[in-house]
Structures are given as C-alpha cells and as structure tokens.
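The primary structure of each chain is shown beneath.
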Amino acid sequence: MNRDFFLEETDLTLDVVILLIAGLMMVMTGILLFPVTRGAVPYYENGVYGLVLFLFALQIILLGNTPFGDMKRSNPVLFAGLAVASAGIVTCFIPDIFSLFPAIVLFLCFTPGGAALLAHLFLAPDRFRAWARLGGIFHLLWIGCAAVYLLSMLMGVLVLNQGLLGGDETAFAVLAFGAAVLFLAMVMKRIYRAHPLPEEKESGNRTLSSDHSIILLTGIFMILLGILLVPVSLGMLPFAASAQLGLLMVIMAFQMLSTGNTPIGPFRRTRLVIFCGILFSALGIISCIIPGILVPLLTVLIGVLNIFGGVNGLRRTFSGLRKRGGNPVPPLLVRLNISQAVLHLLSIMFGTSMLFPGLLPPILTGMILAADGGVLLYLLHILILLENMAAAAVESPNTGETARISQSPGS
C-alpha cells in the first residue's frame, strides 16, 4: 500500500457510518462476551444498553430512521431522538439508575421494531419487490435487511430474558447480529457508490441540518455530563467513568467518520481519517463494555487531544482575525469569534483537568463541561443565524432581478 491509498477520500454516507459503528459495537460485544461469561473480565451492562440507545438516537435525529420505520425529519422526530439520546447518556454514566427501563426500551426497539421493519420490507412496493426486480447487488440488500431485522428481534428477547440462551450461545447470537449489520453497511456503501443519492432539498422543512444536529447532540451530551458530575463529586450518585470516556470516544469517532471533524481540527475524509475513526470507535466501545480497562489510556488521550485541539483552535481563530486586518467585523461574526475562543479555552481547561486530576475540584470540572455544552448550543444559534442571513442575501438579488424584468418595456 502506498501513501496515496491512505490519502484517498471516501464517500461514506451518514446511514453507512451509523451502521458501521453499530455493527462494530455488536461484533466486539459478542467477542468480549466469551471471556465475560467465564468470569475472566468484568462487564458493564448499562454501558452496552446506553451505547445502543445512543446509536438508535443518532439514526432518529440525523436520518429520521426510527426503530419502527422511516419518518420525515421534523422537530417532533428530533425531540424524540434527543430524549432517547439523553436516556442513553444517563444510562451509560449512572449505574443502575433506571433499573429495567433501558431493557424495556431496547426490547421495544429491537423486537416489535424489527418485526415492523421486516413486514414493511416484504409488503412495501418499493422494497423487496423492487429490489428483486433490479437484481444484482439489490438481492444482497434485501437479504442483509432481512437478516438484521430477524436477528434484532432475537436481540430484544435476549435483553429481557437473559437466561434464554447459554453464555456462549448468546455471544454467538450477538456476534452474528453485528456481522449482519456490517454486511448491510458494506452492501449499502456499494449501492451508494453505483447509484449516488440526489442532493436533498429542504424546501419548507425548518428542522436542523445533519451538521447542526450533531452540534446540538454534542452540546446536550456535554451539559448532561457536566450536570451529573456535580452530584457525583458530592458523593450523591455513583458514576461510570469508563463508560463516560467510552461514549465520548464514540462521539468523536462518529464526527471523524461522518464529517472528517477531528478533535484537533477538520480534515478531508481520507482512508487514514476513517481508520482513526474506527480505532476511536473500538476503544470507546471496549471502554463502555469492560469497566476500568482503558481508563488510564483514554484519560491521557482525551486530555492531550482537548489541549492540542483547543490551542490549535485558538490559533485558527486569531489567525482569521489577523487576515481581516483593520476591516470592520460584523457584530454577528464578533459573537461567533468570541464563542469559538471561549469554546477552545474551555477545551484546554477540560484537557488539563484530565491530565492533572487534582488540579481542579471535580465540581469545577463539571461546571466547565456544562459551560462547554452551553457555549456549543450558543454557537449553533449563531451558525443558524448566519446561514439564514446568507440565504436571504442569495434570494434578494434574484427577487430584485425578477422585479426589474417584470417592469421592463418589453414585458
């Protein structure tokens, strides 16, 4: 393999990225269940349940893909996805806080949801019948979908009745489910490469774009983490630090795989970036499943990345200001630059607290994280305002030109 191979850009779509992470998670869970059932390694069930809920939420928020079928992306769907994501985050962080709640939600998503999707696959005119007529790779598409839906129904049953199968049988079932999800992701990637999707038109749809939704979700994650760290630091709640680091790694991996946005700055989505994203996903998944095993490594890694990313972000922000020279800066851009600078400073403070645990009180670390999330949401507000202003500026000349044409003597 030469250097150009790793620097070649990829074309992974959002649904393929989510399936890739979900399949990787299930495969790794199935593999790790073999030593878990033998008592060789510890197992954190809430970490698995919370991470799966979070992945369901990603599909709902970014694609409108619910466990019971596809829906048009809208604000109600967005709020439902955020609620599921919040439940997954809290489930990961706080052991046993919800008791049976995550298991019941996952059963509903997996078993009735899988049955509904399987029925839709064979009854809807644009699914099995259309794909069977097209033939070729589309045969693999309906086979992959059917396998995922059937195995998801089994997963839901196993979540509620963990004694239904033996330890090794359960591990094999989870492993098979993950392999089916990865197979479906590979098939969909091949189909998208041969038949690229048309660009979506958002006319009349006021819901957030996918990029903005990712910022919103990350902001809520940081706020929830910061708020929960306050009672945790006071000894009022238990806390799973391993799952917290793991979920943070998965979020960073998702951003790398979907947009090329890394903790140290944006990059083209080359094969090298994709490989790093998969590696981050694997580390995060292991940390969610096996408590404590990767805490020292991930603590240092996340700390260094936050410090380096914060310093690099400040450099880019001030470099952009210097390029403007003495030109006046619009007030909205001033607020944008200030928000970015504050965000980078908070990132440096969080990274420093990770590398030097005794430097800041835990309650202050929680406040820093909550502030980080709040600034992210404010930054999202500014970005939406800027996009609206840009859209209005594009429409204004067209409107004026139309008026001039309609008033011309020849009309």
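All values derive from a computational prediction rather than experimental measurement. (Residues numbered from 1 in each chain as written. Predicted model: local features only at pLDDT ≥ 70, side-chain atom pairs only at ≥ 80, totals over all residues. Heavy atoms only, no water.)

### Quick look at the side chain of Asp15
Selection rule: Strands here mean DSSP runs of E at least two residues long; helices mean DSSP runs of H or I at least four residues long; both are numbered from the N terminus. We call a residue buried when its accessible area falls under 20% of the maximum for its residue type, exposed when it is over 50%, and partly exposed in between, using a 1.4 Å probe and counting protein chains only. For the charge count, each Lys or Arg is scored as positive and each Asp or Glu as negative, with His and the chain ends excluded. Should a side-chain nitrogen of Lys or Arg be within 4 Å of a carboxyl oxygen of Asp or Glu, the pair is scored as a salt bridge. Polar contact criterion, stated in full: a pair of N or O atoms within 3.5 Å, where within protein one must be able to donate a hydrogen and the other to accept it, and residues adjacent in sequence count only if both atoms are side-chain atoms. The contact criterion used throughout is that any non-hydrogen atoms of two residues lie within 4.5 Å.
Here Asp15 lies in helix H2 (residues 14–37). Although Asp15 is buried, it makes no salt bridge; Arg269 carries the closest opposite charge, 9.2 Å away. A polar side-chain atom of Asp15 sits 2.5 Å from a polar atom in the side chain of Thr13. The residues contacting Asp15, other than those within four sequence positions of it, are Leu63, Met188 and Tyr192.

### Re the environment of Asp70
Along the polypeptide, Asp70 turns up in strand S2 (residues 69–70). Through-space distance from the C-alpha of Asp70 to that of Ile60 is 8.7 Å; in sequence the pair is 10 residues apart. Those residues within four positions of Asp70 in sequence are excluded, and the remaining contacts are Gly64, Asn65 and Arg127. One polar contact links Asp70 to Arg127, side chain to side chain, over a distance of 3.3 Å.

### Some points on the state of the cysteines
The condition that has to hold: For the purposes of this analysis, a disulfide is any pair of cysteine sulfur atoms at a distance within 2.5 Å.
Scanning the entire structure with this criterion turns up 0 disulfides. Distance from the sulfur of Cys288, which forms no disulfide, to the nearest cysteine sulfur (Cys92) is 4.6 Å. Overall, the relative accessible area of 1% leaves Cys288 in the buried class.

### Quick look at the pattern of salt bridges
Evaluated as defined, the whole model comprises 4 salt bridges. Here Lys189 ties to Asp11 by a salt bridge, and the two come within 3.8 Å at their closest N and O atoms. Here the residue Lys189 occupies a position in helix H8 (residues 167–194), and Asp11 occupies one in the loop between helix H1 (3–7) and H2, the gap between them amounting to 178 residues. Asp168 serves as the salt-bridge partner of Arg38, at 2.9 Å between the closest nitrogen and oxygen. Placement of Arg38 in the loop between H2 and helix H3 (45–63) and of Asp168 in helix H8 is noted, with a sequence separation of 130 residues between them. Overall, Arg38 belongs to the exposed group, its relative accessible area being 55%. For Asp168, a relative accessible area of 27% corresponds to the partly exposed category. Here the salt bridges share partners, and the residues they tie into one network are Asp11, Lys189 and Arg193.

These results come straight from atomic positions and should not be treated as a statement about function.
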